Amino acid sequence: MDENIQVNDFINFSKALIDREGITDKSLSEVAEALSKLSNIEDLFRFGQHRGRGANAAESYVLYEDSEPSGPVLQLARFDAPTAIHNHGSWGALCGYIREQYYSQWVLQSDDHSKVVQTIDTIIKPGDFVYWPDVPNDIHKQIPVDDDAWVIIYMGRNAFDTPRIVYD
Ligand SMILES: [Fe+2]
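A brief report on the enclosed structure follows. (Residues numbered from 1 in each chain as written. Predicted model: local features only at pLDDT ≥ 70, side-chain atom pairs only at ≥ 80, totals over all residues. Heavy atoms only, no water.)

Details of the nonpolar core
Quick note on the threshold: Put simply, buried Ala, Val, Leu, Ile, Met, Phe, Trp, Tyr and Cys residues joined by side-chain atoms within 4.5 Å make one nonpolar core. The buried label applies to any residue whose accessible area, calculated with a 1.4 Å probe on protein chains only, is under 20% of its type's maximum; exposed applies above 50%, and partly exposed to all values in between. Helical segments are the DSSP runs of H or I of at least four residues, strand segments are the runs of E of at least two, and each set is numbered from the N terminus. Any two residues whose heavy atoms approach within 4.5 Å are treated as being in contact.
One finds Phe10, Leu35, Leu74 and Leu76 to be the most contacted residues of the largest nonpolar core, which totals 26 residues. Counting residues per element, the ones that place at least two in this core are helix H1 (3–21), helix H2 (25–38), strand E2 (59–65), strand E3 (73–79), strand E5 (92–98) and strand E10 (149–155). At 6 residues, H2 tops the list of elements feeding residues into this core. Leaving out residues up to four positions away in the same chain, Leu35 has contacts with Phe10, Leu74, Ala93, Leu94, Cys95, Ile152 and Tyr154. Counting 11 residues, the second largest nonpolar core, distinct from the first, contains Ala57, Phe79, Val130 and Ile153.

Some details on the pattern of salt bridges
Stated formally: We count a salt bridge whenever a side-chain nitrogen from Lys or Arg sits within 4 Å of a carboxyl oxygen from Asp or Glu.
In total, this model carries 8 salt bridges according to the counting rule given. Asp148 is the salt-bridge partner of Arg99, the closest N and O atoms lying 2.8 Å from each other. One end of the pair, Arg99, is in the loop between E5 and strand E6 (101–108); the other, Asp148, is in the loop between strand E9 (139–144) and E10, with 49 residues separating them in the sequence. In this structure Arg99 comes out as partly exposed when scored by relative accessible area, which is 38%. Here the residues in one salt-bridge network are Arg20, Glu21, Lys26 and Glu30, joined through shared partners.

Laid out in structure tokens, this is it:
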């Protein structure tokens, strides 16, 4: 199978699933699991557009960017330092690609963002996946285990230009 078709298949599958079932734990876990299948493709980079530095990423490649501003984005991103605890203004899924990353996630306990509770604290190895729910519970932090780690990130909405909330 042409590997580029697999990227497109993932996008078509995920968009149709979310359209049909909405943003639920079940649909997001299926999206994340499908994302994990992409991580088996060697050199995914060649299907991407080099984007360089992001708000948190040291480097990134965009594998898919929807023509709708509110549509999804799929990217490969390299992290070489701990991120702040941050959000994205969108639900999303993340899968390990090269090397390992600590991953933590929180949900809000109060509406004013003053109190959060940790729900995930794990190590993401290549092929491992997580997802985060939609705003306001899209709060997480990533730390490379060694010098750096590459992960695949699928965001439900294009949040490149959305200001992020950073938590202490
Ligand atoms: Fe993030």
